[in-house]
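An overview of the molecular structure
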Amino acid sequence: MYLIREISEGLGIAWDAIRANKLRSFLTTLGIVIGIVTVTLMATAINGLNGAFHKSVSVIGADMLFVSRTSWFVNSQAEWLKSMRRREITLAQARQLQRELTLAQAVAPMVGINQTVTYQNHSSSSVQIVGSTEEFINTSGAGIAEGRFISAGEAEGGRPVCVIGMDVATNLFAFESPLGKRIKVGPRVLEVIGVLGRQGSFLGLASLDNQVVIPVQQFMIGYLRNPDFMIKIKAIAPDQLEEAKEELRGAMRKIRHLAPGDPDDFAINQQDMFVTMFNSVAGTIAAVGLLITGLSLFVGGIGIMNIMFVSVAERTREIGVRKAIGAKRRTILLQFLIEAATICLLGGLVGLGITWVLTLGLKRVMPVNMSLGVMGLALLVSLLTGVISGFLPAWRAARMNPVEALRNE
Amino acid sequence: MSLIRLQNIRRQYTMGAETIHALRDVSLEIERGEYVAIMGPSGSGKSTLMNLLGCLDTPSAGVYELNGQNVSEMDDNQLAEIRNREIGFVFQTFNLLPRSNALRNVELPLIYSGVDADERKQMALDALTSVGLGDRIHHKPNEMSGGQRQRVAIARALVNRPSIILADEPTGNLDSRTGEEIMALLKALSQKGNTIFVVTHEEEVARHARRIIRIRDGLIASDEPTPPGS
Amino acid sequence: MSEPADKPFAVGRGSSRARSWRVFQAELAESFFMAFGALVAHKLRSALTLLGVLVGVFSIIVVMTAMRAMQHQIESDLSSLSSQTFMVQKWPAVHFGGPGGEEKYRRRKDLTLPQGLAVMRKATLAQAVGVEAQFPGGEMISQYGKAPPNMTLQGETPGSFAAQNWVLQDGRILQDVEVEGAHDVCVLAAGLRKELFPFGSPVGEKVKFNGITFTVVGVLEPKGAMEGGNQDNFAIIPITTALNRYGNLQQNITIAVLAPSRDQYEETVDQVRGILRTLRKVEPGADDDFEIFSGESILSQINAFTWAVRIGITAISSIALLAAGIGIMNIMLVSVTERTREIGIRRAIGAKKRNIMAQFIMEAVMLCELGGLLGVVVGIIAGNLAAHAMHLSAVIPFDWVFLGLFICSLVGVVFGTYPAYKAANLDPIESLRYE
Ligand SMILES: Nc1ncnc2c1ncn2[C@@H]1O[C@H](COP(=O)(O)OP(=O)(O)OP(=O)(O)O)[C@@H](O)[C@H]1O
Ligand SMILES: [Mg+2]
């Protein structure tokens, strides 16, 4: 009860002091505002980036495994050169894998090349041409929007058919259905039998809708004779991914005739790798970013401390009088702490307001996400800044000898 | 041509709704080399007049001509230059820089007039010696007595060899013997041709001057030569 | 004291140029001492104020030091390429894209030895053409020692020596017949010589790499500044030998071309590009299906990429300086209020407005410069500690040091001006009456 009265008394005095030196209070608050704005803006941007990444990476699927010669993330030139000298992964190996795996729902060999796709006088350049089998549709997140997917027979027989992505469909066929039309895919003419559902882009880099899927045999006849395959495997359930991975590894080693003790001459990739990679990169960026922006808040805090010291020195007589009429150390300490905290909290609130306005503008160019958590944290941080930077000056005031304080001119 | 000519000078201060007339209608002519005492009760406007004469303040109305030039037409830099070179101020309340020692306080006007460091020091030392403080040059104001502080202030006023010396109660804080010494100093300066104004409450002090101007409520009450026989 | 009456009156008196310069000097010196005195008089306050600037400058300098150290490393790695040499390969030298972007390069046909040899024959403008394939890792031993495991075996042609700017210390370079006949000979880089033949000349001696014996025919000079790096840990053998024994004849290689002069550089590049496009049947109008780059082009790519990072970091760090500047302004305003009486005295004694202004701006700049200097020192130390942790050699980014200090002065001037203006425009009489 007593403490509450003291605090409300302290708040009153703090408010008077702030109003008495308007310019000074304004500048001090401005320092904190700048700090809070940069820190929260940074946090907001990191938050938004995180969200965007996780959304984007989910396209890969948490239950997917990807076998290829090279790992997605190669650490050195040497490792890269080494993996480039490995034997190719062939279609036969993919077939064999399909037969051997028990924990896989679908196994699709994939190989790609960029080509120009033409229909009458419309054309689309650098479209990704994917050679695959009927399993492809089961391993990708996309459904069929129109028509049907390639059948097992067509894949095996290398029929001149294709299934096109949404972007290709809209680019080539503005007003008519693509089904049954014959399009020129690089050097060859193929019949469109289906259109894939929209998938969006991966990490904002490559559109997944700008592709044409063709039977794998057709690909090997028409584009690349002995390509290096990537094999996509969908596990029967996401929680059995690890088992599936072990089985896959064993099967691949057997298929590629590796002796026990030989290192793997292939790599198994999965979504996790992206997430781990991203987390380490994003973690570093977040740490550096928050550190650098935190420095401006730190500078703001120093400004508060400095001004509070001045304030204490100027009010030495006032402190003396208060002490003489019975103010305790705690009362004085609280009075100055409250003053510093009020300024900081005020700065925090104004800063949050400015950040909010800025994020509205930033939303257009980058993913930002101003969560309640960030806002709460920002207010807490500004309060803490006030308390920490106000403590030393308040302590100096509280410890003053009343007799000497009163003698002060 | 007189050195100083004041014509219908007014100076008023506005404090909220109230207007205080510190000087109402003052006209004066002072020749080069005169020694003038200004007397009057407290609050009558003596310091205000001194501030005007010293180009520290500008009149609310009226014309102040110094050496034939209208002071109101001068810009801030010219005023500063006049204060620096032509006017030596001895304030009622000393007004020394508290953190600087006597030597630096006296050097200050020379710094603003661009005297070389060596010459500056020598001139400051001479001025301090001439007021009898040659042995106190490294003392700070709070390490000196009131009379010593006053003498530092006088040394500072003299150091740049100004032609006009304005002393606002130079002996107010001093015992009579020290006061006499300071008055003697001013007399010597007057004999060298300086124009001197002294504000004082004491008839004793005023008798050193050759002309006494009495002020009451912002008006000149009387202006006459010092009665002979002092 | 002289006769004052004889002295000309100050009003209307012209001042000579020499005198005004002296006045200016004296005023400046006075301002400096006053500012310094004020800083010393309020030690805690000054310390806290300059700490703000310190932090702001620190954050710029620490990042720039670390980045400069990285850049130096890259530059010295690339410095082995002369400015007239360019490389051709399937993969780009630097590639800042997501993993998705790699697909484009992966799908390209390999650049093969026959193509390299064709360039060698047909590139009439080139002064030298080298074909290279690298085989990292492996064990090389001699009678006397063992090479470090991070060594690289490089298959090369005689032209590589000129193109790569390799200088012989001892023996001779590879010869055409050795490439044609795939002989088992090798030239050692200086780093390997130290390990394998610490005593005498290795020329004519034998070394064994992964079970195959090579005769040493030459040794290279050590590469300039970067001692101790793994730059000098390689052995050169004929490219045919390398592909036969450790790879296959269709595998991907790199071509290094030396243009005869800077003037003919572009022409040479164009000729090589044309030869390869024909060989690799690139349709007219289509993009190259190989990469041509030089040390310079890599550097400029890296610089272009890091430029954005540098600008971003400078901007963010400058925000801390902004906060520091506001702190300075605030404290200077306090200082002006506290010293009102002093200002009044100075004005009464003849200080001009600009004297007062100079004094306070000087004070602000001094605070900033002091903070800035400390920030630079701490920043360089911390940045180099970070560089040390990344195994980079120490650097001092002088340009950023000067820029940082310049920005500091700017902050001082910008944020000191308002308080100084306020001080200069105080009414002298009011200031003298101020309690
Ligand atoms: N800055 C100011 N604001 C308001 N009133 C002022 C100001 N300065 C002087 N006055 C008033 O002007 C009048 C004249 O003051 P002044 O200082 O000239 O008196 P004085 O004759 O020097 O008195 P004393 O002998 O006590 O020094 C006084 O009534 C004073 O209150
Ligand atoms: Mg007075």
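What counts and how
Residue numbering note: each chain is counted from 1, following its sequence as written. As a convention, the first chain written is A and the first ligand written is 1, with the rest following in written order. With the structure being a predicted model, the display of local features is reserved for residues of pLDDT at least 70 and the display and counting of side-chain atom pairs for 80 or more, all residues being used for whole-chain, interface and lining totals. Water and hydrogen atoms were dropped before computing side-chain values, which therefore reflect all heavy atoms in the structure. The numbering of helices and of strands both runs from the N terminus, where a helix is a DSSP run of H or I of at least 4 residues and a strand a run of E of at least 2. Orientation is described by axes fitted as lines to C-alpha atoms, over the contacting stretch for helices, and by angles from 0 to 180 degrees between their N-to-C directions. Oblique is the label for any angle not under 35 degrees, not over 145, and not in the 65 to 115 range, which are roughly parallel, roughly antiparallel and roughly perpendicular in turn. Two helices cross in a left-handed way if the nearer one is turned anticlockwise from the farther one by less than a right angle. They cross in a right-handed way if the turn is clockwise. Two residues qualify as a contact provided that any one of their heavy atoms is within 4.5 Å of a heavy atom in the partner residue. By the convention adopted, Pro, Cys, Tyr, Trp, Phe, Met, Ile, Leu, Val and Ala count as nonpolar, Lys, Arg, Asp and Glu as charged, and the other residues, Gly among them, as polar. Here, a strand pair is defined by DSSP locating no fewer than two bridges between the strands. Just to be clear on terms, a salt bridge is a Lys or Arg side-chain nitrogen sitting within 4 Å of an Asp or Glu carboxyl oxygen. In the analysis that follows, any N or O atom pair within 3.5 Å is treated as a polar contact, provided that within protein one partner can donate a hydrogen and the other can accept it, and provided that, for residues neighboring in sequence, both atoms belong to side chains. For every domain, the bounds stem from an assignment made automatically or drawn from a database. Any residue with a heavy atom positioned within 4 Å of a molecule or strand is treated as near that molecule or strand. For the exposure calls, accessible area comes from a 1.4 Å probe over protein chains only, and a residue counts as buried if that area is under 20% of its type's maximum, exposed if over 50%, partly exposed in between. Summed over both partners, the accessible surface that disappears when two parts come together, traced with a 1.4 Å probe, is what is meant by buried area. What makes a patch is a set of residues exposed beyond 30% relative accessible area and free of salt bridges, joined within 9 Å when like-charged and within 5 Å when nonpolar (Val, Leu, Ile, Met, Phe, Trp, Tyr). The Shrake-Rupley method, run with a 1.4 Å probe, gives the accessible areas here. Residue values count only the displayed protein chains as cover. All tallies of charge rest on Lys and Arg as positive and Asp and Glu as negative; His and the ends of each chain are not included. In this description, the location of a charge corresponds to atom NZ of lysine, CZ of arginine, CG of aspartate or CD of glutamate. Here a pair means two rings of Phe, Tyr or Trp (six-membered ring of Trp) with centres within 6.5 Å. Their orientation is stacked below 30 degrees between planes, edge-to-face above 60, and tilted elsewhere.

What follows deals with unusual backbone geometry. Excluding glycine, a negative phi dihedral is what most residues carry, and trans is how most peptide bonds are arranged. All names here are of chain C. Backbone geometry at Asn165 places phi at a positive 65°, although glycine is not the residue there. Relative to the elements of secondary structure, Asn165 occurs in the loop between α5 (158-163) and β5 (168-171). Not every positive phi belongs to a glycine, and Ala182 is a case in point at roughly 50°. Topologically, Ala182 is positioned in the loop between α6 (176-180) and β6 (185-188).

Our next topic: the packing of helix α10 (residues 271-314) of chain A against helix α12 (residues 329-362) of chain A. Residue and element names in this part refer to chain A. Their axes nearest at 11 Å, the elements α10 and α12 cross at an angle of 140°. Judged on the interaxial angle alone, α12 and α10 are oblique. Seen along the crossing, α10 lies across α12 with a hand that is right-handed. Side by side, α10 and α12 meet where Ile304, Met308, Ser311 and Val312 of the first sit next to Phe336, Glu339, Ala340, Ile343 and Cys344 of the second. Of the residues in the contact of α10 with α12, the class split is seven nonpolar, one polar and one charged.

All right, on to the sheet that holds strand β4 (residues 61-66) of chain B then. What holds strands together in a sheet is hydrogen bonding between their backbones, with the strands either parallel or antiparallel. Residue and element names in this part refer to chain B. Pairing in this open sheet of four strands is antiparallel, and the strands run β2-β1-β4-β5 from one edge to the other. Strand pairing shows two members of the sheet lacking a second neighbour, β2 (18-30) and β5 (69-70), which therefore form its edges. The pairing of strand β1 (residues 4-15) with β2 spans nine bridges and is classified as antiparallel. Directly across from Gln12, in β2, lies its bridge partner His21. Here helix α1 (residues 46-53) sits on the sheet and contacts β1, β2 and β4; the angle it forms with β1, its principal contact strand, is near 120°.

Bringing the interface of chain A and chain C into the picture now. Taken together, the contact pairs 37 residues of chain A with 38 residues of chain C. At the boundary of chain A with chain C, the tally comes to zero salt bridges. Between chain A and chain C we count four residue pairs in polar contact (both at pLDDT 80 or more) in total. At the level of secondary structure, the elements contributing two or more residues to the side of chain A that touches chain C comprise α2 (22-57), α3 (77-84), β2 (104-119) and α10 of chain A. Counting residues per element, the side of chain A that touches chain C draws most heavily on α10 of chain A, at 15 residues. Taken together, the residues that form the side of chain A that touches chain C break down as 22 nonpolar, eleven polar and four charged.

Glancing now at the arrangement of the chains. Pairwise contact counts over the two pairs of chains in contact peak for chains B and C. As for chain B relative to chain A, no contact occurs, and the smallest C-alpha gap between them is 14 Å.

It is worth spelling out the domain arrangement of chain C at this point. Under the domain assignment used here, chain C contains domain 1 (30-75 + 302-433) and domain 2 (109-289). Domain 1 of chain C and domain 2 of chain C are separated by 54 Å when their C-alpha centres are compared.

Taken together, 16 residues lie near ligand 1, and Ser42, Gly43, Lys46, Ser47 and Thr48 of chain B sit nearest. Looking at what sits near ligand 1, you find residues from chains B and C. Take Ser47 of chain B: an N or O atom from its side chain is 2.6 Å from an oxygen atom of ligand 1. Within the contact set of ligand 1, an oxygen atom lies 2.6 Å away from a side-chain nitrogen or oxygen of Thr48 of chain B.

Per the counting criterion, the structure on display carries 40 salt bridges over all chains. Glu65 of chain B is the partner of Arg5 of chain B in a salt bridge, and the nearest nitrogen-oxygen pair spans 3.5 Å. Residue Arg5 of chain B is found in strand β1, and its partner Glu65 of chain B is found in strand β4; the two are separated by 60 residues along the sequence. A salt bridge links Asp288 of chain C to Arg273 of chain C, with the nearest nitrogen and oxygen atoms 2.8 Å apart. With Asp288 of chain C in the loop between α9 (265-279) and β11 (291-293) and Arg273 of chain C in helix α9, the pair connects residues that are 15 residues apart, well separated along the chain. For Asp288 of chain C, a relative accessible area of 19% translates into the label buried. Classification of Arg273 of chain C by relative accessible area gives partly exposed; the value is 28%. Linked through salt bridges whose partners overlap, the residues forming this network are Arg99 of chain B together with Arg339, Glu342, Arg346 and Glu363 of chain C.

All names here are of chain A. Here eight bridges tie β2 to strand β3 (residues 122-132), and the two strands are oriented antiparallel to one another. Looking at the pairing, Gln115 lines up with Val127 of β3. Linking two consecutive strands that pair antiparallel, namely β2 and β3, is a turn of two residues; a positive phi of about 50° is found at Gln120 within it. As defined by bridge partners, β3 adjoins strand β10 (residues 211-215) across five bridges and the pair is classed as parallel.

Residue and element names in this part refer to chain B. Taken together, the six strands give an open sheet; going across it, the order is β6-β7-β8-β3-β9-β10, and neighbouring strands pair in mixed fashion. For this open sheet the edge positions go to β6 (87-90) and β10 (219-225), each flanked by a neighbour on one side alone. Averaged over neighbouring strand pairs, the angle between their axes works out to 15° when direction is ignored. Across four bridges, strand β3 (residues 35-39) lies against strand β9 (residues 211-216) in parallel orientation. Looking at β9, one finds that Val36 is bridged to Arg211. Contacting β6 and β7 (164-168), helix α5 (residues 146-158) runs over the sheet at an angle of about 170° to β6.

Now for the interface of chain C and chain B. When the parts of a complex come together, some accessible area is lost, and that lost area is often taken as the interface size. Taken together, the contact between chain C and chain B spans 36 residues of the former and 44 residues of the latter. Summing the contributions of chain C and of chain B, the shared interface buries around 3,800 Å²; its carbon and sulfur component is 57%. Here chain C and chain B share three salt bridges between them. Between the two partners, chain C and chain B, sit five residue pairs in polar contact (both at pLDDT 80 or more). For the side of chain C that touches chain B, the secondary-structure elements that each account for two or more residues are α1 (17-41), α11 (340-349), α12 (353-389) and α14 (428-433) of chain C. Sorting elements by how many residues they give to the side of chain C that touches chain B places α1 of chain C first, with eight residues.

Moving on to the environment of Ile32 of chain A. All names here are of chain A. Along the polypeptide, Ile32 turns up in helix α2. Along the sequence, Ile32 and Ser382 sit 350 residues apart, while their C-alpha atoms lie 7.5 Å from each other. Look past the residues within four positions of Ile32 in its chain and what remains in contact with it is Leu297, Gly300, Gly301, Ile304, Cys344, Gly347, Gly348 and Thr385.

Residue and element names in this part refer to chain A. Judged by side-chain charge, Asp239, Glu242, Glu243, Glu246 and Asp272 come together as a negatively charged surface patch. Top contributing element to the negative patch by residue count: helix α9 (residues 241-255), with three residues. Mapped onto the fold, Asp239 is located in the loop between β11 (230-235) and α9.

So, on to the packing of aromatic side chains. All names here are of chain A. Here the structure, examined in full by the defined rule, presents 14 aromatic pairs over all chains. A ring pair is formed by Phe136 and Phe149, whose centres lie 5.7 Å apart and whose planes are at 10°; its orientation type is stacked. Pair noted here: Phe136 is in helix α5 (residues 136-139) and Phe149 is in the loop between β4 (144-147) and α6 (152-157), with a separation of 13 residues, a long-range link. When its relative accessible area of 2% is taken as the criterion, Phe136 is described as buried. Residue Phe149 is classed as buried on the basis of its relative accessible area, which comes to 10%.

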